[in-house]
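Reading the structure
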Amino acid sequence: DFNNILMVILGNISFAKMQISPQDKAYKRLTDAETASLKAKDLTRQFLTFSKGGAPIKKPIVAAQLIKNYGHFALSGTKSTCAYNLPDDLWKIDADEGQIGQVITNILINADQSMPKGGTISIDCENVVIAAGQDLPLQPGNYLKISIKDQGNGIPDEYLGKIFDPYFTTKPAGRGLGLASAYSIIKKHEGYIVAESSTDAGTSVTLFIPALTSQVILPDKEDEPVLLKGEGKILIMDDDDNILQIVGAALEDMGYEVAVAHDGRTAIAMYAEALQAAQPFNVVIMDLTVPGGMGGQEAVRKLLEIDPQARVIVSSGYCDDPVMADYKSYGFSGVIAKPYCLTELSKQMLQVLRPLLADGNYS
């Protein structure tokens, strides 16, 4: 529910940005509001990950870039700084960017809080190969090792074994969620996290994350995401009227023709009718969960029975659902987690439509 509310807020902010020039004085204000909404999205993901151990939505990631981005964010406004040792030849990781970002952020926040007067937190990365028989609870293979070390007072021996336990904290205002969430995330990535500490040398937290050693070409990062225009018939299925309105308006502004449905059964009937009239929908965007109605997981199966070539994007605020992590196995062609920016939606639309363009079946 909270992610649906954020989707409406973020969608309207993104839509407002579409209507003005980047030089407009309101543009930066809207961008700041957009950024704050995405931080709230990360917070809800952290709660879900902690409570349910949410399945990561993985993609190839340049770890050094991620670490610097989240390191800057975590220590912004503090007296502490990061000292990075990030070799150029580091392997990429196959990971959920938001979740690994949470891990880095949570560890750095703890490190900063252990140094009331501030200090330097060192982050060292290296490629490591874990062989069979090594004294680590990991499958043999290639890993990225990330070591984060502070200059704080350290953790007493009687507490060190409890720091990853839910709700364990020695801070008066603490909640004991940060390191518990980090442990859950790394475990879901089939990695390992361990801490070492002494009262005179600070604390060091070490992460092992499975690495990609094959060449993976990543797109250049844009300074400002670009809204991509398109054309075609789009069917949106969601039980939330506000989401239907803002996403529908945005897609129309991008150049698409839009129809909406409130549940899976209605979407299937509309799709079949359009197909029979030789005016098919090019893409369907389906909400995964519809309270009291047919959601996307069941609807996509029935839709593919009608049209095996149907192209369906699954969208949900349940980022921990296994369908979101392995969407292709469930028959979906794309995935977009709520809340999302409209630039992200425009990119996803063209990615899903690209095979139709290549085959000449797009009309």
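Predicted, not measured: the structure shown is a model, and the values here were computed from it.

Details of the side chain of Ser315
Position of Ser315 relative to the elements: it lies in strand S11 (residues 312-316). With sequence-adjacent residues up to four places away left out, Ser315 is seen in contact with Ile285, Met286, Asp287, Leu288, Ile336, Lys338 and Tyr340.

Things to note about the packing of helix H8 (residues 264-276) against helix H9 (residues 296-306)
Between H8 and H9, whose axes approach to 10 Å, the crossing angle comes to 15°. In terms of orientation, H8 and H9 fall into the roughly parallel class. The handedness of the crossing between H8 and H9 is right-handed. Listed contacts from H9 to Gly264, Ile268, Tyr271, Ala272 and Leu275 of H8 are Ala299, Lys302, Leu303 and Ile306. Residues of the contact of H8 with H9, tallied by class, amount to seven nonpolar, one polar and one charged.

Some remarks on the layout of surface pockets
Space inside the second largest pocket adds up to approximately 320 Å³. Counting only elements with at least two residues in the lining of the second largest pocket, the list comes to helix H1 (2-18) and helix H2 (25-52). Here the lining of the second largest pocket takes three residues from H1, the largest share from any one element. Each residue belonging to the lining of the second largest pocket can be placed in one class, and the counts come to four nonpolar, six polar and four charged.

With respect to the nonpolar core
Core analysis: the largest hydrophobic core is formed by 38 residues, its most contacted members being Ile104, Leu108, Ile146 and Leu207. Among the secondary structure elements, those contributing two or more residues to this core are helix H3 (63-75), strand S3 (92-95), helix H4 (97-113), strand S4 (120-130), strand S5 (141-149), helix H6 (178-188), strand S6 (192-198) and strand S7 (202-212). Setting aside residues up to four positions removed in sequence, Ile146 forms contacts with Ile67, Ile123, Asp124, Cys125, Val205, Thr206, Leu207 and Ile209. Residues Val290, Val300, Val314 and Met324 belong to the second largest nonpolar core, which totals 25 residues.

Considering the environment of Ile163
Among the secondary structure elements, Ile163 is positioned in the loop between helix H5 (157-160) and H6. On a C-alpha basis, the gap between Ile163 and Ala195 in space is 8.7 Å, while along the polypeptide they are 32 residues apart.

Focus: the environment of Gln23
With respect to the helices and strands, the residue Gln23 is situated in the loop between H1 and H2. Residue Gln23 is classed as exposed on the basis of its relative accessible area of 70%. Looking at Gln23, its side chain comes within polar contact range of the side chain of Ser21, at 2.7 Å.

As for empty space enclosed by the protein
Taken as a whole, this structure holds two cavities of 30 Å³ or more when the rule is applied. A volume near 40 Å³ is recorded for the largest cavity. In terms of lining, the largest cavity is formed by Ile236, Met237, Asp238, Ile243, Val247, Ile285, Met286, Asp287, Ser315, Lys338 and Tyr340. Every element with two or more residues in the lining of the largest cavity is listed here: strand S8 (233-237), helix H7 (241-254) and strand S10 (283-287). Broken down by element, the residue count for the lining of the largest cavity peaks at three residues, all from S10. Space inside the second largest cavity adds up to approximately 30 Å³. Around the second largest cavity sit Ile61, Ala63, Leu66, Ile67, Ile93, Ile100, Ile104 and Ile146, which together line it. Elements with a contribution of two residues or more to the lining of the second largest cavity: H3 and H4. Among the elements that make up the lining of the second largest cavity, the one with the highest residue count is H3 (three residues). Considered class by class, the residues forming the lining of the second largest cavity number eight nonpolar, no polar and no charged.

Topic: unusual backbone geometry
The amide bond that connects Lys338 to the next residue, Pro339, takes the cis arrangement and shows omega of -10°. Positionally, Pro339 belongs in the loop between strand S12 (334-337) and helix H11 (342-359). You will see that Glu190, though not glycine, has its phi angle at about 60°, which is positive. Mapped onto the elements, Glu190 comes out in the loop between H6 and S6. Despite not being glycine, Ala278 shows a phi value in the positive range, around 60°. Structurally, the position occupied by Ala278 is in the loop between H8 and S10.

Reading the values: rules and limits
Residues numbered from 1 in each chain as written. Predicted model: local features only at pLDDT ≥ 70, side-chain atom pairs only at ≥ 80, totals over all residues. Heavy atoms only, no water. Helix = DSSP H or I, 4+ residues; strand = E, 2+ residues; numbered from the N terminus. Contact = heavy atoms within 4.5 Å. Axes fitted to C-alpha atoms, helices over the stretch in contact; angles between N-to-C directions. Parallel < 35°, antiparallel > 145°, perpendicular 65-115°, else oblique. Left-handed = near helix turned anticlockwise from the far one by under 90°. Nonpolar A, V, L, I, M, F, W, Y, C, P; charged D, E, K, R; others polar. 1 Å grid on protein atoms, 1.4 Å probe; cavity = no way out; pocket = protein on both sides within 12 Å on 5 of 7 lines; lining within 4 Å. Points joined across faces, edges and corners; volume = space filled by probe spheres on them. Core = buried A, V, L, I, M, F, W, Y, C linked by side-chain atoms within 4.5 Å. Buried < 20%, exposed > 50% of the residue type's maximum accessible area, 1.4 Å probe, protein only. Polar contact = N/O pair within 3.5 Å; in protein donor to acceptor, adjacent residues only side chain to side chain.

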